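A look at the structure
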Amino acid sequence: MRALLLCLSLISVPWMAAAQTQEPAVLVADDVSVSRERVLTARGNVEVFQGDVSLTARAIIYDQGSGQLRFEGPLTLRDGEDVLILANAAELDPDLRNGILRSARLVIDQQLQLAAIQINRVDARYSQLYKAAVSSCRVCNDGRPPLWQIRAKRIVHDQEEQQLYFDRAQFWIRSIPIFYLPRLRLPDPTLERATGFLIPSIRTTSQLGSGIKVPYFIRLGDTRDLTLTPYLSGETQTLELRYRQAFAKGRIDFEGAFTRDNLIPDTDRYYLFGTGTFDLRNDFTLSFDIELSSDDAYLTQYGYSDKDRLDSEIAITRTRRDEYIHAGLIGYNTLISGEDNSTLPTLVLDGTYERRIFPTSIDGEFRLGVQAHAHHRSSNNTVSGEGRDVTRIHGELAYLKAWTLRGGMRIDSQLALNFDAFDTRQDDVFEGSETDVVPQAAIALRYPLSKTSADGAVQFLEPFVQLSFTGGNQANVANDESTRVEFDEGNLLSLSRFPEEDRREHTTALAFGLNWARYDPDGWESYVSFGQILRDTEVSDFSTTSGLGGLSSDFLFAGQLRTQAGLALGGRVLFDEVLDFSKAEFRGDWSNQSLTLGGSYLWLIEDALEDRTKAVSELTLDGAYRFDSRWTVSGNWRYDVEDDRTARAGLGLGYENECVALDFTVERSFESSTSVEPSTSFGFTVALRGFAAQNGTESYTKSCS
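All values reported here derive from a predicted model rather than from experimental measurement. (Residues numbered from 1 in each chain as written. Predicted model: local features only at pLDDT ≥ 70, side-chain atom pairs only at ≥ 80, totals over all residues. Heavy atoms only, no water.)

This part covers empty space enclosed by the protein. The full count for this structure, using the stated rule, is five cavities of 30 Å³ or more. Volume-wise, the second largest cavity comes out at about 60 Å³. Lining of the second largest cavity is provided by His375, Arg388, Val390, Arg392, Phe422, Thr424, Val477, Ala478, Asp480, Glu481 and Asp502. Partitioning the lining of the second largest cavity into residue classes produces four nonpolar, two polar and five charged. (1 Å grid on protein atoms, 1.4 Å probe; cavity = no way out; pocket = protein on both sides within 12 Å on 5 of 7 lines; lining within 4 Å. Points joined across faces, edges and corners; volume = space filled by probe spheres on them. Nonpolar A, V, L, I, M, F, W, Y, C, P; charged D, E, K, R; others polar.)

Taken as a whole, the protein shows an average pLDDT of 89; of its residues, 94% reach a score of 70 or greater. When mean pLDDT is compared element by element in the protein, strand β21 (residues 269–279) scores highest at 98, while helix α1 (residues 12–19) scores lowest at 41. Low pLDDT (under 50) marks residues 1–21, which in the prediction has 46 contacts with non-local residues, meaning those over four places away or in another chain. Scored below 50 in pLDDT, residues 695–699 makes seven contacts in the model with residues more than four places away or belonging to other chains. (pLDDT = per-residue confidence, 0-100. Helix = DSSP H or I, 4+ residues; strand = E, 2+ residues; numbered from the N terminus. Contact = heavy atoms within 4.5 Å.)

A few words now on the layout of surface pockets. Counted as a void, the second largest pocket has a volume near 1,400 Å³. In this structure, the second largest pocket is lined by 41 residues; those nearest its centre are Phe197, Leu198, Ile199, Leu688 and Phe691. For the lining of the second largest pocket, the secondary structure elements donating two or more residues are β11 (148–158), β12 (163–173), β13 (176–187), β14 (196–197), β17 (216–219), β41 (660–669) and β42 (679–688). Element by element, the count of residues in the lining of the second largest pocket is highest for β13, at six residues.

Bridge count for strand β18 (residues 224–233) against strand β19 (residues 236–247) is nine bridges, and the pairing is antiparallel. Within the sheet, the bridge partner assigned to Asp225 lies in β19 and is Arg244. The turn linking β18 back onto β19 is made up of two residues. In terms of strand pairing, β19 meets strand β20 (residues 250–261) through 12 bridges, oriented antiparallel. (Pairing = 2+ DSSP bridges.)

Within the element layout of this structure, Asp420 appears in strand β28 (residues 410–425). For Asp420, the side chain forms a polar contact with the side chain of His394, separated by 2.7 Å. (Polar contact = N/O pair within 3.5 Å; in protein donor to acceptor, adjacent residues only side chain to side chain.)

Okay, structure coming up:
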């Protein structure tokens, strides 16, 4: 019969008094006895509770005269949710805050275990371990050592600061000592952010040789941190950095590097990328991003980014249910060989205001929109528009109304009036001002149908047709912003497919098509869209690749397929009446518990308006295969079908279990230009788990069977 002792006149009062301000201790046991010498002995399923501390043991002996508690093991001591101590025997004071545990193990956050001959517990904060070994690897009872361990003469765990301090530490792999450190400090797994070294990595490239990166994390407070990463090799001396800070209503994040190398001797090379967002009053948001690079090849040579055009922007935005406001200033910088920043619109100013109004007196919706835009070139040359600067303002007032007839027919109507004003400077062809008033009208008919099959599958079929009119004539302004036009199912019923307002489709057009979808109860989903556009007059400035030139556009066909087994297929093609394709793009993905595969294909015909002198035909593949619970191999490949050559290829091999993660990668880039040469890079990282807030999943845990 279990006995609960909350207050013993001879024993419990002194015990509680020793705890002073601590919560009273509670003892639970199967059998409790008190001798004439006032020695309390509890045996059988013994449990002691003292605040957040709990202890279980085979037996407890409390001597009131000496005030000492002796525990017969095996015993288990839990201090909060993160600290667990297992021992064969212990001597502790009555409030369990100080004492000695013998043949003990300390387990932190169920990740890191520290075994020692003896653990001294001090003030319930410090645990001092003597002749100790530390590892996060699962240790089996077969006599084999763990994959890795750190042995030390003494280890101190500061539970309050969440730190581990090692004296005379040795790092072992299996039974082999690798290196020795007289002093070592590491965070325990419960600490998310602490100043110290992070996981180093080895990087080898054909241009920079073999080098090592050793990141050092500096905690500047609860909301700020800085990471400095020296990168050293025979060809470069680089310092990488990352700074992060969180505010009450925003955050910033900067990363960059400064380099002196042998690729461009006696030259400072650098890059800086930064982002930030801040919440302002009245639902406004301030955002910015910065992208800078010292030269065209730096980002690619060091593997920091594949971007070939950099953009920096500061903007203020507000988005509400019926209102959108945006104002932004953007700066561009090209890294493409052969492009001159002085003849490109590198400085852009944009402003947009949109408003939706739902009048109570009549049905329907009014939309009001105003857009202001300006772009500037630093060149002063007026020939061929090399120094052309443009300012434009656009206004739109539209009325939309929809009806649903008794038979299910859906009618959507739209009336709009647009105002366009342009001012062009430093251009010998388009110099001057232009204004235009553009009326628009459209009516669309849709007839959605649905059917449920006997097997539970649901099908949707929606034929549609739209008649639209856009009046006026194209203003005599340069085409600076609408040189790349996409024709897809998203803009099939738009009144203009140009991406910006410097171009409009001034014509009468008939758009028609069909949407179909099927939802299977077994998890299959499929979608198909088909359509075409007919016009009474041709619209200039559409490229051949867009599929929108001439009196009739190319046929648009797009489809998607998803299955419950993890297969996803999608594609879009543009073709004419004789099945000549101007554009084709496909993407496929498939995944299960062990395998992930993905691939895409892109086809574009040559097009002078899009600065493409030859066709593009490109195939990409990527995937990963997990061939057991710990090993994973991955790869990627990009192949230029038109030139019959590999553009980029990569291979990775990873190993991961509960205590270590290893990653090896090799990448080869075959691309070349005046500033970038083909290169090969190797990377290798080793991460010891247990000294971070995150650990591996249970699926990686080693088995002892």
